[in-house]
Amino acid sequence: MDIILKYFPDLSETQREKFARLKPLYEEWNEKINVISRKDMEHFYEKHVLHSLGIAKVISFQPGTKVLDIGTGGGFPGIPLAIMFPETHFHLVDSIGKKIAVVKDIARQLKLSNVEAQQTRAEELVRKYDFIVSRAVTRFANFYPWVKGKFRKEDFNEFPNGILLLKGGAVDEEMEERPVSYVTYHLDDYFKEEFFDTKKVVYVPWEGKR
């Protein structure tokens, strides 16, 4: 938990309490189903929570922003971002029911009224969002068709509406499989731990929405 406060010292008491409760809640669920790799649990705050919050170093979502988290798994990056931005609405989706059951329970226990979790495939959603986030779900060329037509037209955040992806390794080759403009933010500019040396946030403004 200290690593979160190191990089986000201005959290409210409520936010601190919710972040502190995350690990015990996930440990409890991990006893029942393998939500998070067992060996990762000892680095839970670094590899899952702080990694998710890399997006919060790139953008601060305005109140009323609607964010879709595709392939959320056990709730990453959506749950940490929902704690960080309590006035932003997060819709967390995954095709695997038991993972969504975990997300729903954790959101309920933490009283995250800004989180909605649903078992569905991204392609089946008809709602529109300001931003779509995801963490290492699939290659961008596969991801891109899932999000077509899912963006709201009006921009009111510091960035135009678009996609924010947490990626590792060499992203340029992957991103250039589709003819899109994108900006890469290196997380080792924000976080000093070795884990972040190869981690990035890739922002893709949704130019096809107009």
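For the structure itself, look to the data block above.
Residues numbered from 1 in each chain as written. Predicted model: local features only at pLDDT ≥ 70, side-chain atom pairs only at ≥ 80, totals over all residues. Heavy atoms only, no water.

Enquirer: I'd like to hear about the sheet that holds strand E4 (residues 131–135), residue by residue, with values.
Expert: If you trace the seven strands from one edge of the open sheet to the other, you get E3-E2-E1-E4-E5-E7-E6, paired in mixed fashion. Bordering the open sheet on either side are strand E3 (115–119) and strand E6 (183–186), each of which pairs with just one other strand. Neighbour-to-neighbour, the strand axes of the sheet open up by a mean angle of 20°, direction not taken into account. As paired elements, strand E5 (residues 162–168) and strand E7 (residues 199–205) share seven bridges and run antiparallel to each other. Counted as the bridge partner of Gly162 is Pro205 from E7. Together, strand E2 (89–94) and E3 form the strand contacts of helix H6 (residues 97–109), whose direction differs from that of E3 by roughly 165°. In this fold helix H7 (residues 140–147) packs onto strand E1 (66–70), E4, E5 and E7, with an angle of close to 155° to the strand it touches most, E5. (Pairing = 2+ DSSP bridges. Helix = DSSP H or I, 4+ residues; strand = E, 2+ residues; numbered from the N terminus. Axes fitted to C-alpha atoms, helices over the stretch in contact; angles between N-to-C directions. Contact = heavy atoms within 4.5 Å.)

Enquirer: How would you explain the pattern of salt bridges if you had to name every residue and give the values?
Expert: Per the counting criterion, the structure on display carries nine salt bridges. Asp40 is the salt-bridge partner of Lys47, the closest N and O atoms lying 3.7 Å from each other. Note that Lys167 and Glu174 form a salt bridge whose closest N and O atoms lie 2.6 Å from each other. Judged by its relative accessible area of 10%, Glu174 falls in the buried class. (Salt bridge = Lys/Arg side-chain N within 4 Å of Asp/Glu carboxyl O. Buried < 20%, exposed > 50% of the residue type's maximum accessible area, 1.4 Å probe, protein only.)

Enquirer: Now, about the pairing of E1: what can you tell me, with residues and values included?
Expert: Taken across its five residues, E1 has four buried, putting it largely inside the fold. Inspection of the sheet shows E1 paired to E2 by five bridges, in the parallel sense. Counted as the bridge partner of Val67 is Phe90 from E2. The handedness of the E1 to E2 crossover, carried by helix H5 (residues 78–84), is right-handed. Two strands pair when backbone bridges link them, and E1 and E4 are joined in this way by three bridges, in the parallel orientation. (Right-handed = clockwise from strand over helix to strand, strands pointing away.)

Enquirer: Help me get a handle on H6, residues and values and all.
Expert: Across its 13 residues, H6 extends 18 Å between first and last C-alpha, which sits within 8% of the 18 Å expected from 1.5 Å per residue. Within H6, the full set of buried residues consists of Ile100, Val102, Val103, Asp105, Ile106 and Ala107. The first or second residue beyond H6 is Lys111, which carries a positive phi of 55°. (Expected span 1.5 Å × (residues − 1).)

Enquirer: So, the packing of helix H2 (residues 13–32) against H6: which residues are in play, and what are the values?
Expert: Between H2 and H6, whose axes approach to 11 Å, the crossing angle comes to 145°. The handedness of the crossing between H2 and H6 is right-handed. Only Ala101, Val102, Asp105, Ile106 and Gln109 of H6 make contact with H2, whose side of the interface consists of Arg21, Leu22, Leu25, Tyr26 and Trp29. A per-class count over the contact of H2 with H6 returns seven nonpolar, one polar and two charged. (Left-handed = near helix turned anticlockwise from the far one by under 90°. Nonpolar A, V, L, I, M, F, W, Y, C, P; charged D, E, K, R; others polar.)

Enquirer: Give a detailed account of empty space enclosed by the protein, specifying residues and quantitative values.
Expert: All chains considered together, the criterion is met by one cavity of 30 Å³ or more. By volume, the largest cavity is sized at about 40 Å³. Surrounding the largest cavity, Ser134, Arg135, Ala136, Val137, Thr138, Phe143, Leu165, Leu166 and Lys167 form its lining. Secondary structure elements with two or more residues in the lining of the largest cavity: E4 and E5. (1 Å grid on protein atoms, 1.4 Å probe; cavity = no way out; pocket = protein on both sides within 12 Å on 5 of 7 lines; lining within 4 Å. Points joined across faces, edges and corners; volume = space filled by probe spheres on them.)

Enquirer: Give a description of the layout of surface pockets that names residues and reports values.
Expert: Size it by volume and the largest pocket reaches roughly 230 Å³. Contributing to the lining of the largest pocket are 15 residues, with Thr72, Gly73, Gly74, Lys99 and Arg135 lying nearest its centre. Reported here for the second largest pocket is a volume of approximately 170 Å³. Every residue along the wall of the second largest pocket is listed here: Ile70, Gly71, Val93, Asp94, Ser95, Thr120, Arg121, Ala122, Glu123, Val137 and Trp146. Residues belonging to the lining of the second largest pocket are distributed by class as follows: five nonpolar, three polar and three charged.

Read these as layout, nothing more, since geometry by itself doesn't imply function.
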